[in-house]
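Descriptive structure summary
So the chains spell out like this:
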Protein chains: 2
Amino acid sequence: MKIELICTGEEVLCGQIVDTNAAWLAQYLWDQGLALHRKNTIGDRREDLTALFLERSTEADLVIVNGGLGPTTDDLSTEAMAMALQEPLVLCEVWQKKMDDFFAQRQIAVPACNTKQAMLPQSARMIDNPYGTACGFAVKLNRAWFFFTPGVPREFKPMIKEQLLPFVKQNFTQSISNILKKFLVFGHGESFLQEKLSAIQNDESISLGYRAFSPYIELKLIGPQSAAKQLSAFEHTMTQQLGDMIVGQECTSLAEVVHQQLKQHHKTLSLAESCTGGLLASQLIRFAGSSAYFKEGVIAYDAHAKKERLGVRPHILQEEGEVSLMTAAQMAEGIRRLSQSDYALSTTGIAGPDGGNEDKPVGTVCIALATPTHSYIQKVYFKNRSRDAVREFSAAVAFDMLRRILQNKEPCTTYSSIEQVATQVMNSSDIFAV
Amino acid sequence: MKIELICTGEEVLCGQIVDTNAAWLAQYLWDQGLALHRKNTIGDRREDLTALFLERSTEADLVIVNGGLGPTTDDLSTEAMAMALQEPLVLCEVWQKKMDDFFAQRQIAVPACNTKQAMLPQSARMIDNPYGTACGFAVKLNRAWFFFTPGVPREFKPMIKEQLLPFVKQNFTQSISNILKKFLVFGHGESFLQEKLSAIQNDESISLGYRAFSPYIELKLIGPQSAAKQLSAFEHTMTQQLGDMIVGQECTSLAEVVHQQLKQHHKTLSLAESCTGGLLASQLIRFAGSSAYFKEGVIAYDAHAKKERLGVRPHILQEEGEVSLMTAAQMAEGIRRLSQSDYALSTTGIAGPDGGNEDKPVGTVCIALATPTHSYIQKVYFKNRSRDAVREFSAAVAFDMLRRILQNKEPCTTYSSIEQVATQVMNSSDIFAV
């Protein structure tokens, strides 16, 4: 069964919109044992859309169309399909009634342009949308079923789950069943990993995929249910080879890993961020349930805040500078004591593009982890990285230190793709005794 | 001239990777007066890739291929193109030498698998990549030029700028010249805007596009250079119609707007975040130069931090609760006084999915702006929104309050798509006198 996706919209012409629906859909279908075969993205020109519908209608079994069902004049998916079908648009009274109710409930007059959303090609089956004013619809053209969905993610996702899946089960008998296992690696490059793994004997039916999404690399092990045993053997050898380079499984960030672990271990955390400026906090707080462990954070971006809020000693700032092991150590232990948390993380560095010097070039960052007994501090250097990348990598190194201590490992480790300049371990009681 | 993009990679099969290169490229090409006509994304199966290359080679003039040039076995773009061309892969000695130097400089042995990256189809022109080990290349197949680029953004982007653009100028004489103007709208829905704008007389050659990217809607005005006068007239009427709903031009977030304005006005800012948890800080600090105005931030996620760090009065927390106008007011004025900044923003709310009650359902957020003389506070309700959306919308409302005061407008305004529950204005000196 050949499933394809068509995303419509001006983004192909003018850019700037990142298409998250497509990524979500591919992942979701995969989890259901269905594979997306191809994705086409195209602008808002009606003729182009019509041509594309005709083209794909002879190649695919199921084409999911996303977007272009809105009330505005540049929403053209429905019209374009009517042209491809050579059918008129007719009023779908069921949907018109639903829209009237929708607006009545919200005590808003129905905007005139919304009527357009109840006009469907003659042969269309309407697909319900309980979350918005754009109904979906399904039509058959040549070999393919076309399934039209709204672009708004909170309308699109439930429609796929609640309507598309039953539709597929009803209209297609063939089903695919795959095993997918995902491993998150941090701090090592793609070539480095491939060298490590090249010796493993690979069953033909199993494939190993690499995907870099900064600052991580994701390894994907994919194979059919029938090769479950071979896949499991491959996984065993692979995880032994990589050992601690794998920082998580079935997850997409180190923030997610420490979020789970802090909850599990009933430990609390506080943060003192300079160059990451709220990134650590923001990455944790986006998970529901973070209040179980998150005590507080201070974004101490200037020297004044580092002194006044965190108690960093003035002579340390003067003699060793804002970006130094001791400043990071005092920031972390400072917020840990203030908030009475089990752990604290701190970052202070030069994210760029300006502010570097010969001694401390752009990309130099000091990161500390404070625990009730010891503090662990390291200075790392992210060479030739953008401001965003320096901040992202710094956050990941910090979270990895926390992950490691929660797994009873030494917090500071080396990464083949990150330059470690210095590390230090201190007793907590010594941090402010300098 | 018909330009297309092909993105390769497992993401079509297993999802989860969001394709930012495509969005960046489309935007970049547009700014050069070139339009991207179509985008195809396809998995890492060689036969699929070969078939797609052949298919597009008769339709497009220029096909930019992104990804699949890495050293690992699932990087198959080069091989697939050699098959489409029916040509052997041959060693590109220039590139082999470059790679040897690349690794020598870094004092790393050349990984065996990297040799693959110097093998190109026989008729290929090598394209230099000063930032990594994957060179690009260009080949002609049927009607189209194919231009292969690496997937890593920091290698991809310079290659497009430094190599593709001269390549296009050299190989294609036809050029397109468009005017594109972008307007950022916050707090109003697409239908609402369309109703407002439907009466404006529209010159045929000018098109108005709507694009929702939560929490914003972007309006795009597009037309040929030859219609510059009509476009300007349309813009004038449109901006008059929408007035203050337009929160920015040629920008993509309110954070970007206030970042510019704070620098321009030489004003300083501090933050006290609860439910947004570092999102405000992070959105500002990602811009270089934010140290000019950003003093400090406190992420006061629990009641203890609100009291101890920001001085929120215990009886306020007890009687009015953590999510209340007075708590927000004391948070903002608290951090403003501590950091001696001109302005401060605070947020406190229930982002969900749990923690709501009848009085304060999930989505209830109090947001305050403290200035040297007054504090402005509002309680808003984001109904049926996800945790991420509540946090994103809260950050945008907070930034909009700051934007408005910097433009000498009342900080609290109403938005047709956001429910405003209450607003309050207080003298700064009264904030803690309760």
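A brief look at the structure comes next. In this text the structure is predicted, and so the values were computed from the model without any measurement.

A few points about the overall build of chain A
On a plain count of helices and strands, chain A comes out with 14 helices and 18 strands. Along the first, second and third principal axes, the C-alpha set of chain A runs to 80 × 60 × 40 Å. Going through the 434 residues of chain A one by one, you find that 61% of them count as buried. Within chain A, contacts between residues separated by at least 24 positions form 70% of all contacts whose residues are at least 6 apart in sequence. Total accessible area on chain A is roughly 16800 Å²; 47% of this is exposed by carbon and sulfur atoms. Averaging the coordinates of the 42 positive side-chain charges in chain A and doing the same for the 48 negative ones gives two points 4 Å apart.

Considerations on the environment of Pro111(B)
Turning to its location among the elements, Pro111(B) is positioned in the loop between helix H5 (93-105) and strand E5 (119-121). For Pro111(B) and Phe213(B), which are 102 residues apart along the polypeptide, the C-alpha to C-alpha distance reads 42 Å.

A closer look at unusual backbone geometry
Residues and elements named next belong to chain A. Following Gly 352, the chain continues to Pro 353 via a peptide bond in cis, the omega torsion being 0°. Here the phi dihedral of Asn 142 falls at roughly 50°; this positive angle occurs in a residue that is not glycine. In the Ramachandran plot, Asn 384 falls in the positive-phi region, its phi being about 55° despite a non-glycine side chain. Since its relative accessible area comes to 57%, Asn 384 is described here as exposed.

Some words on the interface of chain A and chain B
Tallying the contact residues gives 89 residues for chain A and 90 residues for chain B. Taking both partners together, chain A and chain B bury about 7200 Å²; carbon and sulfur atoms supply 50% of that area. Where chain A packs against chain B, one counts eight salt bridges. Residues Glu296(B) and Arg309(A) are paired through a salt bridge, measuring 2.6 Å at the closest nitrogen-oxygen approach. For the interface between chain A and chain B, the tally reads 26 residue pairs in polar contact (both at pLDDT 80 or more). The residue makeup of the side of chain A that touches chain B, split by class, is 34 nonpolar, 28 polar and 27 charged.

Observations concerning the packing of helix H9 (residues 254-265) of chain B against helix H14 (residues 387-406) of chain B
All names here are of chain B. Look at H9 against H14: their axes get within 9 Å of each other, and the N-to-C directions meet at 35°. Note that H9 runs across H14; the crossing there is left-handed. Across from Leu 254, Ala 255, Val 257, Val 258, Gln 261, Leu 262 and His 265 in H9, the residues of H14 making contact are Ala 396, Phe 399, Asp 400, Leu 402, Arg 403 and Leu 406. Along the lines of polarity and charge, the residues of the contact of H9 with H14 split into nine nonpolar, two polar and two charged.

Overview of the side chain of Glu4(A)
Residues and elements named next belong to chain A. Note that Glu 4 resides in strand E1 (residues 3-8). A polar atom in the side chain of Glu 4 sits 2.7 Å from the side chain of Arg 56. Glu 4 has contacts with Leu 36, Arg 38, Asn 40, Arg 56, Ala 60, Leu 62, Val 63 and Ile 64, leaving out every residue within four places of it along the chain.

Observations concerning the pattern of salt bridges
For the structure on display, the rule yields 40 salt bridges over all chains. The closest approach of N and O atoms between Glu55(A) and Arg38(B), which form a salt bridge, is 2.9 Å. Here Arg38(B) lies in strand E2 (residues 36-42) and Glu55(A) lies in helix H3 (residues 46-57), a pairing that spans two chains. Overall, the relative accessible area of 5% leaves Arg38(B) in the buried class. Put simply, Glu4(A), Arg38(A), Glu55(A), Arg56(A), Glu4(B), Arg38(B), Glu55(B) and Arg56(B) are held in one network by salt bridges that share partners.

Some points on the sheet that holds strand E12 (residues 246-249) of chain A
All names here are of chain A. Judged by pairing direction, the sheet is antiparallel, and its four strands sit side by side in the order E10-E11-E9-E12 without closing on themselves. Because the sheet does not close on itself, it has two edges, and the strands there are strand E10 (207-213) and E12. With strand direction ignored, the average angle separating the axes of adjacent strands in the sheet is 25°. Across seven bridges, E10 lies against strand E11 (residues 216-224) in antiparallel orientation. Across the sheet, residue Leu 208 finds its bridge partner in E11, namely Leu 221. Relative to strand E9 (residues 178-186), helix H2 (residues 20-31) is tilted by about 130°, and along the sheet it contacts E9 and E11. Here helix H8 (residues 228-242) sits on the sheet and contacts E9, E10, E11 and E12; the angle it forms with E11, its principal contact strand, is near 160°.

Considering helix H11 (residues 303-310) of chain A
Buried residues of H11(A): Ala305(A), Lys306(A), Arg309(A) and Leu310(A), and no others. What you see down the axis of H11(A) is that its buried residues fit within an arc of 105°, all on one side.

A closer look at the relation of the copies chain A and chain B
What relates the pair of chain copies is a rotation about an axis plus a shift along that axis. Least-squares fitting of chain A to chain B yields an RMSD of 0.1 Å, with the transformation described by 0.1 Å of translation along the axis and a rotation of 180°. The symmetry that links the two subunits is that of a two-fold axis. In this assembly the copies share their binding face: 100% of the residues contributing to the interface of chain A also contribute to that of chain B.

A short note on the sheet that holds strand E12 (residues 246-249) of chain B
Strand pairing in a sheet relies on backbone hydrogen bonds, with the paired strands running either antiparallel or parallel. Residues and elements named next belong to chain B. If you trace the four strands from one edge of the open sheet to the other, you get E10-E11-E9-E12, paired in antiparallel fashion. Looking at strand neighbours, the two that pair on one side only are strand E10 (207-213) and E12, the edges of this open sheet. Taking each pair of neighbouring strands and ignoring which way they run, the sheet shows an average axis angle of 25°. In the packing of H9 onto the sheet, the strands contacted are strand E9 (178-186), strand E11 (216-224) and E12, and the crossing angle to E12 comes to about 70°.

Examining the packing of aromatic side chains
Evaluated as defined, the whole model comprises 27 aromatic pairs over all chains. An angle of 85° between the planes, with centres 5.7 Å apart, marks the rings of Phe294(A) and Tyr301(B) as edge-to-face. Residue Phe294(A) is located in strand E14 (residues 294-300), and its partner Tyr301(B) is located in the loop between strand E14 (294-300) and helix H11 (303-310); the two belong to separate chains. Each member of the aromatic cluster is reached from another via a ring pair, and the members are Phe186(A), Tyr216(A), Phe382(A), Phe393(A) and Tyr415(A). The ring of Phe287(A) has Arg286(A) lying over it, and the distance from NZ or CZ to the ring centre is 5.7 Å.

The rules we used
- Residues numbered from 1 in each chain as written.
- Chains lettered and ligands numbered in written order.
- Predicted model: local features only at pLDDT ≥ 70, side-chain atom pairs only at ≥ 80, totals over all residues.
- Heavy atoms only, no water.
- Helix = DSSP H or I, 4+ residues; strand = E, 2+ residues; numbered from the N terminus.
- Buried < 20%, exposed > 50% of the residue type's maximum accessible area, 1.4 Å probe, protein only.
- Contact = heavy atoms within 4.5 Å.
- Areas by Shrake-Rupley, 256 points an atom, 1.4 Å probe, with all protein chains shown as cover.
- Lys, Arg positive; Asp, Glu negative; His and termini not counted.
- Charge placed at Lys NZ, Arg CZ, Asp CG, Glu CD.
- Buried area = accessible area lost by both parts, 1.4 Å probe.
- Salt bridge = Lys/Arg side-chain N within 4 Å of Asp/Glu carboxyl O.
- Polar contact = N/O pair within 3.5 Å; in protein donor to acceptor, adjacent residues only side chain to side chain.
- Nonpolar A, V, L, I, M, F, W, Y, C, P; charged D, E, K, R; others polar.
- Axes fitted to C-alpha atoms, helices over the stretch in contact; angles between N-to-C directions.
- Left-handed = near helix turned anticlockwise from the far one by under 90°.
- Pairing = 2+ DSSP bridges.
- Arc of directions from axis to C-beta.
- Least-squares fit on C-alpha atoms with pLDDT ≥ 70 in both.
- Phe/Tyr/Trp six-rings, centres within 6.5 Å; stacked < 30°, edge-to-face > 60°.
- Lys NZ or Arg CZ within 6 Å of the ring centre and 35° of its normal.

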